[in-house]
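The primary structure of each chain is shown beneath.
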Amino acid sequence: TGINFEKYDDIPVDASGRDPPAPITNFDDADLEPLLLENIKMSGYRVPTPVQKSSISYGRAGRDMMACAQTGSGKTGGFLFPILNESFRKGPCEPQGGDGRAHYRSRAARPIALILSPTRELTSQIFDEARKFCYRSWVRPCVVYGGADIVGQMRQMERGCDLLVATPGRLVDLIERGRVSLSNIRYLVLDEADRMLDMGFEPQIRRIVEKEDMPGVDSRHTLMFSATFPRDIQMLARDFLKDYIFLSVGRVGA
Ligand code: ADP
Ligand code: MG
């Protein structure tokens with residue numbers, strides 16, 4: 001939407017926190033997993049946006065991130081690229097913890113990455129991008145949101161769900177029905193965090209992130225994105241992130 005991707009270097013970017021790793025400069029020299037690089041190129045992306053340059057480098061260093069950036073700054077790639085780069089490199093993992101037989105019999109999806117987003121439209125957009133970047137990889141994306149047939153969504157997840165894009169309310173519902181387990185989560189993303197709070201999702205978000213089977217801050221990577229950084233978002237960042245890098249791109253409102 002009217003964004004000039006060649007002019008991104010003019011946008012002020014500021015990273016604060018303990019020793020932020022240097023951003024990557026372009027997709028080709030970033031030592032990305034070959035399949036991810038191929039899928040990025042196939043999607044028509046030539047130059048990474050500032051959020052993407054930083055997040056790829058932070059992801060590799062295993063650092064949490066709170067990024068404030070306006071609409072259109074490429075935040076979707078900003079979380080998908082570091083998640084997929086690490087996931088393609090590591091390959092699928094065996095389910096962690098608990099009784100293997102119980103896991104085998106349970107019908108719960110055990111995604112390694114969870115992306116929370118406020119609306120049906122936004123989750124669908126993220127899912128469409130994820131499908132392109134996961135193409136021909138072992139990572140199977142799924143999407144769930146409210147106001148749509150839950151049975152169809154459960155069936156979709158039964159076919160395999162490694163990366164789940166969800167609205168908070170529908171995800172709580174699926175967790176309560178035993179259809180999603182959080183025990184394998186390695187990557188947690190809160191996209192449009194300020195909008196999710198404006199829509200009243202804080203209780204659902206807290207129920208998800210503070211659920212007993214969700215790996216704690218030390219055993220997952222958490223990325224938060226928000227256009228603004230008011231007090232309630234600062235609190236969430238304090239509770240959900242560990243030793244995080246604060247990235248601001250362009251002018252950020254309070
Ligand atoms: P945000 O979530 O910050 O609003 P998006 O990730 O939705 O931004 O990206 C906005 C638009 O720009 C989308 O159409 C997306 O496909 C495109 N886009 C994002 N990053 C790049 C890039 N590096 N090169 C080309 N197009 C991009
Ligand atoms: Mg977005």
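Let me sum up the structure you'll find in this document.

Basis of the calculations
Residues numbered from 1 in each chain as written. Chains lettered and ligands numbered in written order. Predicted model: local features only at pLDDT ≥ 70, side-chain atom pairs only at ≥ 80, totals over all residues. Heavy atoms only, no water. Helix = DSSP H or I, 4+ residues; strand = E, 2+ residues; numbered from the N terminus. Buried < 20%, exposed > 50% of the residue type's maximum accessible area, 1.4 Å probe, protein only. Contact = heavy atoms within 4.5 Å. Near = heavy atom within 4 Å. Polar contact = N/O pair within 3.5 Å; in protein donor to acceptor, adjacent residues only side chain to side chain. Areas by Shrake-Rupley, 256 points an atom, 1.4 Å probe, with all protein chains shown as cover. Arc of directions from axis to C-beta. Disulfide = S-S within 2.5 Å. Phe/Tyr/Trp six-rings, centres within 6.5 Å; stacked < 30°, edge-to-face > 60°. Core = buried A, V, L, I, M, F, W, Y, C linked by side-chain atoms within 4.5 Å.

With respect to the helices and strands, leucine 241 occurs in the loop between helix H10 (231-240) and strand S8 (245-249). Looking at leucine 241, the relative accessible area reads 7%, which means it is buried. C-alpha of leucine 241 to C-alpha of valine 217: the two residues are 24 residues apart in sequence and 6.4 Å apart in space. Excluding residues that lie within four positions of it along the chain, leucine 241 makes contacts with Asp64, Met65, Met66, Val217, Thr222, Leu223, Met224 and Leu236.

Attention shifts here to the site of ligand 1. Of all residues adjacent to ligand 1, which total 14 residues, the nearest are Tyr45, Val47, Gly72, Lys75 and Thr76. A distance of 2.7 Å separates a nitrogen atom of ligand 1 from a polar backbone atom of valine 47. The side chain of glutamine 52 places a nitrogen or oxygen atom 2.9 Å from a nitrogen atom of ligand 1. The protein chains hide 76% of the 560 Å² of surface that ligand 1 would expose on its own.

Right, let's get into helix H1 (residues 34-42). Structural remark: α-helix, 3.6 residues per turn; residues separated by three or four positions point the same way. The complete set of buried residues in H1 reads Leu36, Leu37, Asn39 and Ile40. Along the axis of H1, the buried residues cluster in a sector spanning 165°; they form a single face. Among the exposed residues of H1, those oriented more than 90 degrees off its buried face are Pro34 and Met42. Where H1 ends, the next residue or the one after it, glycine 44, has phi of about 85°, a positive value.

With that settled, consider the state of the cysteines. Enumeration according to the criterion identifies zero disulfides in this entry. Free cysteine: cysteine 134, not disulfide-bonded; nearest cysteine sulfur from cysteine 142 at 10 Å.

A separate point is the packing of aromatic side chains. Applying the stated criterion across every chain, the model contains six aromatic pairs. Plain terms: the ring middles of phenylalanine 229 and phenylalanine 246 are 4.7 Å apart, the flat faces sit at 55° to each other, and that makes the pair tilted. Of this pair, phenylalanine 229 sits in the loop between strand S7 (221-226) and H10 while phenylalanine 246 is found in strand S8, placing the two residues 17 residues apart along the sequence. Phenylalanine 246 carries the same exposure label as phenylalanine 229, and that label is buried. Each member of the aromatic cluster is reached from another via a ring pair, and the members are Phe27, Tyr45, Phe81 and Phe133.

Secondary-structure assignment places glutamate 86 in helix H3 (residues 75-90). Not counting the four nearest positions on each side in its chain, glutamate 86 is found in contact with Gly59, Arg60 and Tyr187.

Note that aspartate 198 resides in helix H8 (residues 193-198). For aspartate 198, a relative accessible area of 67% translates into the label exposed. Sequence separation between aspartate 198 and proline 23 is 175 residues, and the spatial gap between their C-alpha atoms is 31 Å.

Moving on to the nonpolar core. With 39 residues, the main nonpolar core has Leu84 and Leu163 as its most contacted residues. Element by element, the count of residues in this core is highest for H3, at six residues. Setting aside anything within four residues of it in sequence, one finds leucine 163 in contact with Leu80, Ile83, Leu84, Pro111, Ala113, Ile115, Ala130, Val139, Arg140, Pro141 and Cys142. Leu116, Ile150, Met214 and Phe246 belong to the second-largest nonpolar core, a separate cluster that totals 38 residues.

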